[in-house]
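Remarks on the overall topology
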Amino acid sequence: MKNTLFAPLTIAGISHHIASVPEIEKFRFLDEAVFLTGAREWFKGVALLQTCNRVEVIVHGEPDVLTDFLHGENRTQFTIYKDQEALSHLLELAAGIDSLIIGEDQILGQLRRALALSEELGVASPILALCINKAIHTGSEARRRTGINNGAISVGSAAVLLAEEKLYTLEGKRILILGSGEMGLLVTQALAAKRLSAIYVANRTLDRARVLAHKIDGTAVPMDDLYRYLTLSDVVICCTSAPHPVIYANELREAMKARTWPLEGETRPLIIVDIAQPRDVEEEVGTVEGVCLFTIDDLRQVNDSAAQSRHEAATKVRVFLEEELDQFIRLYNRRAADETLATLHTWAETVRLRERDRALSRLHGCDEHAKEIVDDLSRALVRKLLADVTMSIRFCAEHGEIDRAEELVSAITRGEGLCSRK
C-alpha cells in the first residue's frame, strides 16, 4: 500500500523538545478564536492545540501554505509535519509519548477542547474532525493496552513534586495556588495527602476560588490580597489563564520584607513554581532575594519514581501506533475521497434531473403518482450505475492512488480516457 494521503494534512508545532518556556510563550496565540477564524480563509479546516508546553497548529491544507501563513503571523520557529508524518505525530501526541510527562492523560482533554472550539467556530473540516477523534480514540486504547499512564503524573502534580524536592517535605507548609481551572484542580489533587498546614486558593473570580477551596478544605482568598498571602506561604504554584503576569518583581520585593526572620535578619525562602502559559510570574521575580523561581523547564528534572516503567511502556505504545497508522491512513483517505465523490455525484444528479424532466415533458397529462415513479426510477438507476465506480474510487483512495481515482471521475464526467497503469 502506498502511504500517500488523498488530501493534504499539515501540523506546525513548537514544544518543550525544541523550545524554552519564553519561546513557546512568544509563539502562543492569545485570542484563539481570532486566530482560527483568520486561518479558515487559508485552509479547509484548522484546529489549534495550546498547552503549557506546546503549541500545535493542525490544518487540512498544504505545508507551504501553512508556513507562509505562520510567517505572516510573525511565527518562525516551528517544526512542520506533513501527511503521514502529521498523522503519526498526532497519534504520538494523543498517546502521551510526546508529552513532557510521559503517559499523562491531560492531552486527551486538551485535544477534545481544541476540536470543540474549531467546530463551534465552524472551522473544522470533516477530515480534521476525523483525525483528532481517531487520535483521541487511539490514545485511549494505547493507555488501556500498555498501562503507560499507570502512576503517571500531570504537569500540576510534577510541580508539587518539584516543590517537595526543594523543601524535602511539604508537611506543615502553607501553599498558595493561583488559578482555579483544570490545572489548579490537578495541583490540589496532588497536595491532598501532603499534611499541609494551610492551602490558599486565589483566582480572579473569588467564587471560582471558593469552589476549588471547598473541594480541598482550603481557603479562598481575593486577588487583591495576593501579596499578603505570598508573605504567609512557603510555596506558590501559579497556573492561571491570565494573558499577563500576576506577580511582579517590584511588588514582591516589597512584600518579601515581611518574611524576614526575627533577630537573624535573613529572609525566609519562598518557592514559586510557575506552570502557567503565558507565564504568571514576571521573569525578574527570580532576582528577588529569598525567592526561588521555577518554570515548566525545571519539571524535566523531577524525580518521578514511576517514570522508568512509563518509558518502558512507551516502547510498546510505539509498536501499537505503527500498527494503527496504516489503518489511520486508509480511514483518512476513504473520508478524503468524499470530496472527489461529491463531484461525481453532483454531475450525475445534474444529468438525472435533466433527463427526468425531458421524460416527463413527453408524458403529457401524467398525474403526480406517475411523476413520482419516474423520479424514483431515475434515482435508482443513477445509484446502481454509480455503485461500482464509487467502490473503485474508495479503493483507490484507501490505497493512496490519487491519480487513478481522479482519472475515473474525469472519464465519467468529462469523457476523458483512462491512462494505462504503470
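Our subject in this report is the structure included herewith. Predicted model, so just to flag it, every value in this text is computed and none were measured.

What counts and how
- Residues numbered from 1 in each chain as written.
- Predicted model: local features only at pLDDT ≥ 70, side-chain atom pairs only at ≥ 80, totals over all residues.
- Heavy atoms only, no water.
- Core = buried A, V, L, I, M, F, W, Y, C linked by side-chain atoms within 4.5 Å.
- Buried < 20%, exposed > 50% of the residue type's maximum accessible area, 1.4 Å probe, protein only.
- Helix = DSSP H or I, 4+ residues; strand = E, 2+ residues; numbered from the N terminus.
- Contact = heavy atoms within 4.5 Å.
- Patch = residues over 30% accessible without salt bridge, like charges linked within 9 Å, V, L, I, M, F, W, Y side chains within 5 Å.
- Areas by Shrake-Rupley, 256 points an atom, 1.4 Å probe, with all protein chains shown as cover.
- Salt bridge = Lys/Arg side-chain N within 4 Å of Asp/Glu carboxyl O.
- Axes fitted to C-alpha atoms, helices over the stretch in contact; angles between N-to-C directions.
- Parallel < 35°, antiparallel > 145°, perpendicular 65-115°, else oblique.
- Left-handed = near helix turned anticlockwise from the far one by under 90°.
- Nonpolar A, V, L, I, M, F, W, Y, C, P; charged D, E, K, R; others polar.
- Pairing = 2+ DSSP bridges.

Regarding the nonpolar core
Core analysis: the largest hydrophobic core is formed by 55 residues, its most contacted members being Leu9, Leu87, Leu90, Leu111, Cys131, Tyr332 and Ile393. Those elements that provide at least two residues to this core are strand S2 (45-51), helix H4 (84-95), helix H5 (106-121), helix H6 (126-146), helix H12 (307-362), helix H13 (368-398) and helix H14 (402-413). A per-element tally of this core places H12 first, with 14 residues. Aside from chain neighbours lying at most four places away, what touches leucine 90 is Ile11, Ile58, Leu111, Cys131, Ile132 and Ala135. Counting 34 residues, the second-largest nonpolar core is a separate cluster that includes Ile153, Leu170, Leu196 and Val235.

Quick word on a nonpolar patch on the surface
On the surface, Leu377, Leu381 and Leu385 cluster together into a nonpolar patch covering about 330 Å² of accessible area. Summarising the element assignment, leucine 377 is placed in helix H13.

Considerations on the pattern of salt bridges
Applying the stated criterion across every chain, the model contains 18 salt bridges. A salt bridge links arginine 279 to glutamate 25; the shortest N-O distance between them is 2.6 Å. You can see arginine 279 sitting in the loop between strand S9 (270-274) and strand S10 (291-295) and its partner glutamate 25 sitting in helix H1 (residues 21-27), a full 254 residues away along the chain. Residue class for glutamate 25 comes out partly exposed when judged on its relative accessible area of 24%. Here arginine 354 makes a salt bridge to glutamate 355, at a shortest N to O gap of 3.3 Å. Among the residues examined, arginine 354 registers a relative accessible area of 40% and is labelled partly exposed. With relative accessibility at 36%, the residue glutamate 355 sits in the partly exposed group. Put simply, Glu349, Arg352, Arg356, Asp357, Asp375 and Arg379 are held in one network by salt bridges that share partners.

Quick word on the side chain of threonine 231
Relative to the helices and strands, threonine 231 resides in helix H10 (residues 226-232). For threonine 231, the residues in contact, after removing those within four places along its chain, are Ala255, Ala258, Arg259 and Arg268.

Some points on helix H8 (residues 182-191)
Along H8, the positions that sit buried rather than exposed are Met183, Gly184, Leu186, Val187, Thr188 and Leu191. Turning to H8, the residues buried within the fold contact H5, helix H7 (155-167), strand S5 (174-178), strand S6 (198-203), helix H9 (206-215) and strand S8 (235-238).

A look at the packing of H4 against H6
Between H4 and H6, whose axes approach to 8 Å, the crossing angle comes to 45°. One way to sum up the angle between H4 and H6 is to call them oblique. Considering the relative orientation of H4 and H6, their crossing is right-handed. Seen from H4, the contacting residues are Leu87, Leu90, Leu91, Ala94 and Ala95; seen from H6, they are Cys131, Ile132, Ala135, Ile136, Thr138, Gly139, Ala142 and Arg143. Residues that form the contact of H4 with H6 fall into these classes: 10 nonpolar, 2 polar and 1 charged.

Details of the sheet that holds strand S4 (residues 79-82)
Strand order in the open sheet formed by 4 strands is S2-S3-S1-S4, with antiparallel pairing between adjacent strands. Every other strand in the sheet has two partners, leaving S2 and S4 as the edge strands with one partner each. The sheet shows a mean angle of 15° between the axes of neighbouring strands, taken without regard to direction. Docked against the sheet, helix H2 (residues 32-39) engages S2 and strand S3 (54-60), running at close to 155° with respect to S2.

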